[in-house]
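Each chain, written out:
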Amino acid sequence: MNTNNLLSPFTLPNGVELKNRIIMAPMTNWSSNPDGTVTEDEVKYYARRSSGVSMVITACTNVTANGKGFHGEFAGDRDEMIPSLRKIANAIKEQGAKAVLQIFHGGRLCPPELVPNNEIVSASNIPAEGSSNIPRALTESEVEEIIEAFGETTRRAIEAGYDGVEIHGANGYLVQQFFSPHSNRREDRFGGSLENRMTFPLALVDKVKSVVNQYADSSFIVGYRFSPEEKETPGITMADTLKLVDALADKGLTYLHVSLHHFFSTAKRGINDTSKKRIEYLLETINDRVPLIGVGKIQTAEDAQKALDTGVPLVALGRELIIDPDWVQKVAEGKENEIITKLNKDMQEQLVIPDPFWKVIMNTPGWFPIA
Ligand SMILES: Cc1cc2nc3c(=O)[nH]c(=O)nc-3n(C[C@H](O)[C@H](O)[C@H](O)COP(=O)(O)O)c2cc1C
């Protein structure tokens, strides 16, 4: 099998060269301290996975106190967190990968016990499907404050030495809640029409980019992650997403990153051809204006090569890099057949997985393939 493509360098639109096509997908690890600082175990976990891939996207970090979405999430909402943020940036960069901080607000999906006054917020007061937690709709000025907060966390990322940030616009969290007709029933400039529902995501991009112009140089990476479709009715359709992606592709971002459970999944809603892959629709719409990162159940070198063969220049691996942190090195040495694709229950220590993360993985049957 020809794996040259996997290991060939790729130049991002801002001139930054990635040494190969393999990226570590953002993964929450539940392992930071309750005060939002990172733990040494977490730093070691990142270092263990940063010597092969070209770029590591970190677990999400909250931009405001009311955006904390997970227990053991590291915080990016205060300047006093900069030394903590720096530890992860350094651990990744020392091993030779680019370090990208994923910036995030959990919105209505935040566990109430993690946010001030147990008050969860969103675009509107609509709970997530299956949840009884009713969020409070943000006022217009609070929305502006959250846009500022994404900018502030970007400034902290720059000060902490990151090579870039990724706006987490996927997986049902606040940014997506503004784009979704399920969660956004607003009647001001942030809601209503499809165009209005794009206002918040696009304003975030403008804010982050203006902070980058002010505090960093053009080598600083700004990526945007999105989920293409929602199951809910009303909910985001593929057609909606293609409109958003069309707008994002003209924003001068360094990359777009689609969040998929399965890289080769087909589009479901709002389009004519449901046999066509989401990736194909996205690549067609983007039309080479910005690089797209694909993801989802890529385990073997062959899987990754097939993914690249669709035309995406970059692929992200999530669970597979937990299971086999030496994935890229094995490909580089021609030992693709030695790639491990099932998590070995006796290998927590060798795989450098912090205890809280290990517990979550072990207590969530079916999530990771287990040997
Ligand atoms: C443990 C775990 C934590 C995750 N946390 C995040 C996250 O913080 N931000 C995000 O955008 N996606 C997150 N994801 C989704 C992954 O980035 C990725 O899209 C998904 O796991 C599919 O890729 P995979 O099949 O290679 O694991 C997480 C996935 C896993 C398995």
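Residues numbered from 1 in each chain as written. Predicted model: local features only at pLDDT ≥ 70, side-chain atom pairs only at ≥ 80, totals over all residues. Heavy atoms only, no water.

Asks: Would you explain the packing of aromatic side chains in this entry?
Replies: A ring pair, where both rings are aromatic, is described by two values, the distance of the centres and the angle of the planes. Applying the stated criterion across every chain, the model contains twelve aromatic pairs. Between F104 and Y173, the aromatic rings sit 5.0 Å apart at their centres with planes inclined by 75°, giving edge-to-face as the arrangement. Of this pair, F104 sits in strand β5 (residues 98–104) while Y173 sits in the loop between β8 (164–169) and α5 (174–179), and the two are 69 residues apart along the sequence. F104 sits in the buried class, given a relative accessible area of 0%. Consider the rings of W367 and F368, whose centres lie 5.4 Å apart with planes at 90°: the pair is edge-to-face. Taken together, W30, Y45, Y46, F70, F104, Y173, F357, W367 and F368 form an aromatic cluster joined through their ring pairs. (Phe/Tyr/Trp six-rings, centres within 6.5 Å; stacked < 30°, edge-to-face > 60°. Helix = DSSP H or I, 4+ residues; strand = E, 2+ residues; numbered from the N terminus. Buried < 20%, exposed > 50% of the residue type's maximum accessible area, 1.4 Å probe, protein only.)

Asks: What am I meant to see in the site of the ligand here?
Replies: Neighbouring the ligand are 19 residues; P26, T28, R225, K297 and R319 lie closest to it. In the model, an oxygen atom of the ligand is placed 2.7 Å from a nitrogen or oxygen of the K297 main chain. Protein burial of the ligand: of its 610 Å² of free accessible surface, 91% is covered by the chains. (Near = heavy atom within 4 Å. Polar contact = N/O pair within 3.5 Å; in protein donor to acceptor, adjacent residues only side chain to side chain. Areas by Shrake-Rupley, 256 points an atom, 1.4 Å probe, with all protein chains shown as cover.)

Asks: Whenever I open this one, the nonpolar core confuses me. Can you help?
Replies: One broad trend across soluble globular proteins is that nonpolar side chains are buried collectively. Of all hydrophobic cores here, the largest spans 97 residues; its most connected members are F200, Y224, L256, V315 and W327. In this view, L256 contacts Y224, F226, V245, L248, I286, V290, P291, L292 and I293; residues no more than four positions away in its chain are not counted. Residues V16, I23, I57 and L314 belong to the second largest nonpolar core, which totals 15 residues. (Core = buried A, V, L, I, M, F, W, Y, C linked by side-chain atoms within 4.5 Å. Contact = heavy atoms within 4.5 Å.)

Asks: Please explain the sheet that holds strand β10 (residues 255–258) as it appears in this structure.
Replies: Two strands in a sheet stick together by hydrogen bonds in their backbones, pointing the same way (parallel) or opposite ways (antiparallel). One closed barrel accounts for eight strands, arranged β3-β4-β5-β8-β9-β10-β11-β12; its pairing is parallel. Direction aside, the axes of adjacent strands within the sheet are offset by 30° on average. Where strand β4 (residues 55–62) meets β5, six bridges bridge the pair, whose relative direction is parallel. The residue bridging I57 from the neighbouring strand is V100, located in β5. (Pairing = 2+ DSSP bridges. Axes fitted to C-alpha atoms, helices over the stretch in contact; angles between N-to-C directions.)

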